[in-house]
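In case you want the letters, here they are:
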Amino acid sequence: TLQSTKLAAKKEFYMVISHRFGSVKGGISEFFGFDDATTKIGGIYGVTDWLSVSASHHTLLKMNAASAKFRLVRQTETFPFDIVGYSTIDFNSGLKEEDYPKIEFSDRLSYIHQILISRKFSDRLSLELVPSFIHKNLYNPEIENDNQFTLGDGGQLKLTKRLSLNLEYGQNFNKPDFYNNPLSVGLDIETGGHVFQLLFTNSQ
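Predicted model, so just to flag it, every value in this text is computed and none were measured. (Residues numbered from 1 in each chain as written. Predicted model: local features only at pLDDT ≥ 70, side-chain atom pairs only at ≥ 80, totals over all residues. Heavy atoms only, no water.)

Enquirer: Help me understand the confidence of the model for the protein, please; the structure alone is not making it clear to me.
Expert: Caution applies to low-pLDDT regions: their predicted coordinates should not be interpreted in detail. Put simply, the protein has an average pLDDT of 90, and 100% of its residues get 70 or more. Across the protein, strand S6 (residues 109-120) holds the top mean pLDDT of 97, while strand S11 (residues 195-201) sits lowest at 87. (pLDDT = per-residue confidence, 0-100. Helix = DSSP H or I, 4+ residues; strand = E, 2+ residues; numbered from the N terminus.)

If you want it as structure tokens, here you go:
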């Protein structure tokens with residue numbers, strides 16, 4: 001899912017736990033994806049009102065990530081957009097030396113850099129554009145590129161004070177054939193101190 005232009009406030013901390021399930025195409029034999037679940041756990045901390053940092057671990061590929069999000073411009077009456085930068089470095093600890101006998105530390109690293117551009121049109125509707133650059137140090141040149149460029153777009157519509165509908169799509173301009181351009185729809189359910197997100201997507 002795409003990042004939003006929202007940042008944690010100064011000295012604010014969020015704990016994030018997410019479960020991603022497999023494809024529903026497996027039917028009852030795979031319990032509609034529940035048998036293929038992975039978990040991501042992490043935290044977000046607001047260093048200042050314009051900078052937040054985060055770290056996470058994902059059981060899928062045993063991926064560890066460290067990220068920074070920083071506000072560049074805030075939407076005002078005279079400027080129509082929020083503009084936020086986002087950068088993350090991923091460390092793939094799931095790569096095994098028996099499969100890659102010459103693997104080095106740097107081979108496990110990949111990077112994502114994004115510019116998040118959003119506009120709040122009303123108290124209910126917000127839209128966003130997200131151009132992204134992705135670099136992998138380890139890749140198979142026969143099926144993918146080390147550098148990939150994507151353009152994501154999405155929106156949020158608040159249905160009630162505590163319920164929001166989200167929609168997003170990402171176009172990868174030089175994606176490998178085995179990747180889908182991700183299309184996702186979701187619901188945010190706010191319950192006071194927690195936000196529950198239900199997401200349905202064509203891409204893991």
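Read on for the rest.
Enquirer: Which parts of the structure should I look at to understand the pairing of strand S7 (residues 125-136)?
Expert: On a regular strand, each side chain points to the face opposite its neighbour's, so the side chains alternate between the two faces of the sheet. When S6 meets S7, the two strands line up antiparallel, connected through 9 bridges. Within S7, the position partnered with Ile112 by the bridge is Ile134. Turn length for the S6-S7 hairpin, with the two strands adjacent in sequence and antiparallel, is 4 residues. Strand direction decides the pairing type here: S7 and strand S8 (residues 147-158), joined by 11 bridges, are antiparallel. Bridge assignment links Ser132 to a residue of S8, and that residue is Thr150. (Pairing = 2+ DSSP bridges.)

Enquirer: Looking at this structure, I do not really get the pattern of salt bridges. What am I missing?
Expert: Between side chains of opposite charge, a pair can form as their charged atoms come close. One pass over the structure, following the stated rule, counts 3 salt bridges. Residue Glu144 pairs with Lys136 through a salt bridge whose shortest N-O separation is 3.1 Å. Grouping residues by exposure puts Glu144 and Lys136 together as buried. We note a salt bridge from Lys158 to Glu190, for which the minimum N-O separation is 3.8 Å. Linking Lys158 in strand S8 with Glu190 in strand S10 (residues 183-190), this pair joins segments that are 32 residues apart in sequence. Judged by relative accessible area, which is 21%, Lys158 ranks as partly exposed. (Salt bridge = Lys/Arg side-chain N within 4 Å of Asp/Glu carboxyl O. Buried < 20%, exposed > 50% of the residue type's maximum accessible area, 1.4 Å probe, protein only.)

Enquirer: What am I meant to see in the pairing of strand S2 (residues 38-46) here?
Expert: Summarising the sheet, strand S1 (residues 13-20) and S2 pair through 8 bridges and their orientation is antiparallel. Counted as the bridge partner of Arg20 is Thr38 from S2. As judged from the 7 bridges shared by S2 and strand S3 (residues 51-58), these two strands associate in the antiparallel manner. When the sheet's bridge partners are listed, Gly46 is paired in S3 with Ser52.

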